[in-house]
Structure formats: structure tokens, C-alpha cells
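Descriptive analysis of the structure
What follows is the residue order along each chain.
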Amino acid sequence: MSLLSKLNCILGWHEPLRRDVKWDGKQYRGTCRHCGTEIVRMARKTWRKAPSGM
């Protein structure tokens, strides 16, 4: 993981592992390719950490 990728994940800006992105009926969900965190798509090219409990 590059330093920039690590910094982006710390700041909450994630990038999905495209092959693992799924539609759950409400939103797209996936896993961050850099840190492995579960993420959801907020808007086009905007991914954030998924709220806990979902």
C-alpha cells in the first residue's frame, strides 16, 4: 500500500475492489482495496466506510 493510499483510507476516502462490489437493494457495497474496510457508495466515485450494524 502506498503512503497516499494509506493517508486516503485514514481520512475516510476509500477505493473499492471492483470485483467484490455488490448491489444490496439500496446501495452498492464492497471492500476497500487498500485497507479491507467494508465500504458503501455515496455517489459516483465516492466511497465511505459502511455504518456499523448494517
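Quick notes on the rules
Residues numbered from 1 in each chain as written. Predicted model: local features only at pLDDT ≥ 70, side-chain atom pairs only at ≥ 80, totals over all residues. Heavy atoms only, no water. pLDDT = per-residue confidence, 0-100. Helix = DSSP H or I, 4+ residues; strand = E, 2+ residues; numbered from the N terminus. Buried < 20%, exposed > 50% of the residue type's maximum accessible area, 1.4 Å probe, protein only. Contact = heavy atoms within 4.5 Å.

With that settled, the discussion passes to the confidence of the model for the protein. A low pLDDT means the predicted coordinates there should not be read in detail. The share of residues in the protein with pLDDT of 70 or more is 94%, and the mean pLDDT across the chain is 91. Mean pLDDT per element in the protein: helix H1 (residues 3–10) is the minimum at 87, and strand E1 (residues 22–23) is the maximum at 97.

With that out of the way, let us pick up unusual backbone geometry. Positive phi values are uncommon outside glycine, yet Lys 45 reaches one of about 65 degrees. Along the polypeptide, Lys 45 turns up in the loop between strand E3 (38–43) and strand E4 (46–49). Overall, Lys 45 belongs to the exposed group, its relative accessible area being 66%.

We now examine the environment of Tyr 28. The topology assignment puts Tyr 28 in strand E2 (residues 28–31). Relative accessible area serves as the criterion here: at 36%, Tyr 28 is assigned to the partly exposed category. Between the alpha carbons of Tyr 28 and Thr 46 there is a distance of 11 Å; along the sequence they are 18 residues apart. What Tyr 28 contacts, discounting residues up to four positions off in sequence, is Val 21, Lys 22, Trp 23, Ile 39, Val 40, Arg 41 and Trp 47.

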